Amino acid sequence: MRILLYNPDNGVTRNFMPHLWMFLLQALTPPGHEVLLVDGNAQPMDETQIAQFVRDQNIGLVGIGAMTRMVARAYRMADAIRATGVPVVMGGPHVTEEADEALGRDGGPRHAEAVALGEADETWPQIVEDAVRGELKEIYAPVDAMGKERKPSLNHYPRIPWDKLDLDQFNLIPKLMHPLLKGFREGWGTFRIVPVESGRGCPYGCEFCTVTGFFGDAIRFRTNESVVNELLLLKARARKEGGQIAVFFIDDNFAINIKRTKSLLRDIIAAKAQVFWVAQISANLLRDEELVDLIAASGGKWIFIGMESVDPANLKDVNKGFNKPGEYAAVLERLAKRNIYAITSFIFGMDNDTPGVAERTLRQVRTWPPGLPIFGLLTPLPATPLYKRLEAAGRLTRPRHWLDFVPFTMAHRPLKMTIEEAHAELHYGWAHSYSPEALAQAVAALDDQHVGDRFNIFLARLCFRGIYFPMMRKSSWLRVVLENRRTILRLLKEGVFRWMRPGNSSSRDPFGVAAPNVSGEANA
């Protein structure tokens, strides 16, 4: 049987990396089946096109995974596929909590023949076998013989054949630049960001987050050897292609067990498996100097930190009191000293927020080393403690907001400002963090650093700008380039000068960073 695994586009901006769940289920599919992968962020399709694709490719089963912000799109695509007579199985955090919605049991239309609840590592093979026999059940739940929910162990993690998979759709280097950059220094003909997980679960239980509910509060880890071998595989592929590979560790808190994380990073270094990597780590865990040293030595370059607010009262309200705003500056300085930079995430519309919260937040951000601040609105996701609290208080304005998804739009009434004021604060945060002036200031703040570090922060800010100000067309990119032309010309001039300077035998390329020996909703 031919199987299609489909991930819908996220409705905001095209992802810069593939989704791991598709590759993981492909590796877990029983022998004798062919699995095709389509990520709507890299291969855009509408309903007509995906229906035609299913017919042309003689697909016998389609699996669709979607988080809350994507689920309306996922339902439309599922409806188009089912109209061809091909069965659809849906899974992911949203469907796990809203199974009746996907199955049409809530009075609405049915969108799937079956749903996979929770982690599908163990149920997916059974789903495929039942589909072959034409005997799909409506619900597949990961439970033991006693009917109790069971979380799969990661001790025997499947090998994902990254060395053989077609990843062309995820190459971030424009096609026209391939021939030129392939032979440039270590080779930049390809550059991909690949998702890798080393563990699952989070014990924190933040009020607005789906992670603890979906993956559980007990942490499960892959073996160090398994992770190291995967990095070596990716690194070898990049070397073979004359390109580069970076890894995004998608663990919801990569350093939740500091002793284990240190052990993994030491093994990565010992095996010379360093690649550039990004991970999500709570600020409170980054107090450890040895951990930060190991992050730098193993190739860590960017750390995503969910700061959420600079107001301790807000953090306490959402059960994230372990974040200490007074420590933020020291944590970021500790990272910056090792040339590691932070993606700092903030949420507006919390119960203690008032008009002016964006500027109050930015006043602190401006005192920190330059990074990537990103901003969102407090969003009540289904089945979270936040949703239940707001529902009980009668504060939800769009109880099923996901069925009419609008990016960056409130679905409840904040306590101390209006919805319109919350929207204005969000716009203020993005506009004042990603203007040409702000980008120039971020670059200037690193004048004492190598030009590569400044180019790194500038390019990253250009890309992250697209989260809120979409840059989906060439004309949009051209406009942004023109607006930032002075900063770009300055970086190019210094980079070329350094490259051409006699005696320059640095292992850095003129616009990169010191190479770490590399040739290469669950939060909704």
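A short tour of the structure in this document, coming up. Everything quoted here is computed from the prediction, not taken from an experiment. (Residues numbered from 1 in each chain as written. Predicted model: local features only at pLDDT ≥ 70, side-chain atom pairs only at ≥ 80, totals over all residues. Heavy atoms only, no water.)

Okay, the packing of helix H10 (residues 258–270) against helix H11 (residues 289–297) next. Their axes nearest at 9 Å, the elements H10 and H11 cross at an angle of 30°. On the basis of the axis angle, H10 is roughly parallel to H11. As H10 packs across H11, the resulting crossing turns out to be left-handed. Between H10 and H11, the contacting residues are Ile 258, Thr 261, Lys 262, Leu 265, Arg 266 and Ile 269 on the first element and Glu 290, Leu 291, Leu 294, Ile 295 and Ala 297 on the second. Looking at the contact of H10 with H11, its residues break down into seven nonpolar, one polar and three charged. (Axes fitted to C-alpha atoms, helices over the stretch in contact; angles between N-to-C directions. Helix = DSSP H or I, 4+ residues; strand = E, 2+ residues; numbered from the N terminus. Parallel < 35°, antiparallel > 145°, perpendicular 65-115°, else oblique. Left-handed = near helix turned anticlockwise from the far one by under 90°. Contact = heavy atoms within 4.5 Å. Nonpolar A, V, L, I, M, F, W, Y, C, P; charged D, E, K, R; others polar.)

As a volume, the second largest pocket reaches approximately 530 Å³. As for the second largest pocket, its lining consists of 28 residues, and the residues nearest its centre are Val 365, Trp 368, Pro 369, Pro 370 and Gly 371. Mapped onto the lining of the second largest pocket, the elements with two or more residues apiece are helix H13 (328–336), strand S13 (341–348), helix H14 (357–365), strand S14 (372–377), helix H16 (419–433) and helix H17 (436–444). Tallied by class, residues from the lining of the second largest pocket come to 17 nonpolar, seven polar and four charged. (1 Å grid on protein atoms, 1.4 Å probe; cavity = no way out; pocket = protein on both sides within 12 Å on 5 of 7 lines; lining within 4 Å. Points joined across faces, edges and corners; volume = space filled by probe spheres on them.)

Residues Trp 162 and Ile 305 are the most contacted members of the largest nonpolar core, which totals 107 residues. Ranked by residue count, the leading element in this core is helix H18 (residues 451–468), at seven residues. Look past the residues within four positions of Trp 162 in its chain and what remains in contact with it is Leu 20, Phe 23, Leu 167, Val 194, Pro 195, Glu 230, Leu 233, Leu 234 and Arg 237. If you look at the next biggest cluster of nonpolar residues, it comprises 48 residues, including Leu 36, Ile 64, Ala 78 and Cys 206. (Core = buried A, V, L, I, M, F, W, Y, C linked by side-chain atoms within 4.5 Å. Buried < 20%, exposed > 50% of the residue type's maximum accessible area, 1.4 Å probe, protein only.)

Take the side chain of Ser 282 next. Looking at the element boundaries, Ser 282 is found in the loop between strand S11 (276–280) and H11. Assessed through its relative accessible area of 11%, Ser 282 is described here as buried. Side chain to side chain, Ser 282 and Asn 253 meet in a polar contact 2.7 Å long. Beyond its immediate stretch of four places on either side in the chain, Ser 282 contacts Tyr 204, Asn 253 and Phe 322. (Polar contact = N/O pair within 3.5 Å; in protein donor to acceptor, adjacent residues only side chain to side chain.)

Now for the pattern of salt bridges. Tallied over the entire structure, the rule returns 40 salt bridges. A salt bridge links Glu 119 to Arg 200; its shortest N-O distance comes to 2.4 Å. Here Glu 119, found in the loop between strand S5 (114–116) and helix H6 (124–133), pairs with Arg 200, found in strand S8 (residues 199–200); they are 81 residues apart in sequence, far enough to count as distant. Both residues of the pair, Glu 119 and Arg 200, count as buried. The salt bridge involving Glu 290 is made with Arg 266; its shortest N-O contact spans 2.9 Å. With Glu 290 in helix H11 and Arg 266 in helix H10, the pair connects residues that are 24 residues apart, well separated along the chain. Glu 290 sits in the partly exposed class, given a relative accessible area of 39%. (Salt bridge = Lys/Arg side-chain N within 4 Å of Asp/Glu carboxyl O.)

It is worth spelling out the side chain of Arg 395 at this point. Mapped onto the elements, Arg 395 comes out in the loop between helix H15 (385–392) and H16. Residue classification places Arg 395 among the buried positions, given a relative accessible area of 10%. If we ignore the near neighbours within four places in the chain, the residues touching Arg 395 are Asp 351, Arg 389, Leu 390, Ala 411, His 412, Arg 413, Pro 414 and Leu 415.

That is the geometry; function is a separate question.
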